[in-house]
Amino acid sequence: DVFYNRKTLYPRVGYREATVQQHRAIFDAIIMGDPAAAQRAAESHIAFVRQALDELKKSEARLDVALRRAGATLSASNDG
């Protein structure tokens with residue numbers, strides 16, 4: 001899943017930079033010996049990824065509907 005998510009989301013503007021910062025926050029908290037901060041940073045990162053994937057799925061669904069409508073319109077114009 002991680003590799004799929006990276007491949008899918010990294011091309012989006014700002015996503016790669018945001019995830020690098022999030023990973024750095026997790027790392028820094030671990031290095032500083034602050035498990036509560038590490039947990040908060042990890043939870044925040046997971047929420048960010050879930051939201052990004054949800055937005056991508058919605059966008060793909062809208063595109064699919066638009067393409068089906070365009071295909072139906074082209075089919076109807078070719079039939080008549």
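As a reminder, the structure under discussion sits directly above these lines.
Computed from a predicted structure; not experimentally measured.

## Notes on the overall build of the protein chain
Part 1 of the reasoning: Each helix and strand in the protein chain was counted, giving three helices and zero strands.
Part 2 of the reasoning: Listed N to C, the secondary structure of the protein chain is α-α-α in terms of helices and strands.
Part 3 of the reasoning: Of all 80 residues assigned to the protein chain, the portion counted as buried reaches 22%.
Part 4 of the reasoning: For the protein chain, the share of sequence-separated contacts (at least 6 apart) that also reach a separation of at least 24 residues comes to 55%.
Part 5 of the reasoning: Of the roughly 6,400 Å² that the protein chain leaves accessible, carbon and sulfur atoms contribute 58%.

## Observations regarding the packing of aromatic side chains
Part 1 of the reasoning: Under the defined criterion, the tally for this structure stands at one aromatic pair.
Part 2 of the reasoning: Plain terms: the ring middles of Tyr15 and Phe48 are 5.4 Å apart, the flat faces sit at 15° to each other, and that makes the pair stacked. With a gap of 33 residues between them, Tyr15 in helix H2 (residues 15-31) and Phe48 in helix H3 (residues 35-79) connect regions that are remote in the sequence.

## Description of the nonpolar core
Part 1 of the reasoning: Judged by nonpolar contacts, Leu9, Tyr10, Tyr15, Val49, Ala52, Leu53 and Leu56 together constitute the single largest core of seven residues.
Part 2 of the reasoning: Top element by residues in this core is H3. It accounts for four residues.

## Observations concerning H2
Part 1 of the reasoning: Along its 17 residues, H2 runs 24 Å from first to last C-alpha, staying within 8% of the 24 Å computed at 1.5 Å per residue.
Part 2 of the reasoning: For H2, every residue scored as buried is listed here: Tyr15, Ala18, Thr19, Gln22, Ile26 and Ala29. Seen from one end, H2 has its buried residues packed into an arc of 95°, which puts them on one side. What points out from H2, more than 90 degrees from its buried face, is the exposed set Gln21 and Ile31.
Part 3 of the reasoning: Following H2 by one or two positions, Gly33 has its phi on the positive side, about 70°.

Basis of the calculations
- Residues numbered from 1 in each chain as written.
- Predicted model: local features only at pLDDT ≥ 70, side-chain atom pairs only at ≥ 80, totals over all residues.
- Heavy atoms only, no water.
- Helix = DSSP H or I, 4+ residues; strand = E, 2+ residues; numbered from the N terminus.
- Buried < 20%, exposed > 50% of the residue type's maximum accessible area, 1.4 Å probe, protein only.
- Contact = heavy atoms within 4.5 Å.
- Areas by Shrake-Rupley, 256 points an atom, 1.4 Å probe, with all protein chains shown as cover.
- Phe/Tyr/Trp six-rings, centres within 6.5 Å; stacked < 30°, edge-to-face > 60°.
- Core = buried A, V, L, I, M, F, W, Y, C linked by side-chain atoms within 4.5 Å.
- Expected span 1.5 Å × (residues − 1).
- Arc of directions from axis to C-beta.

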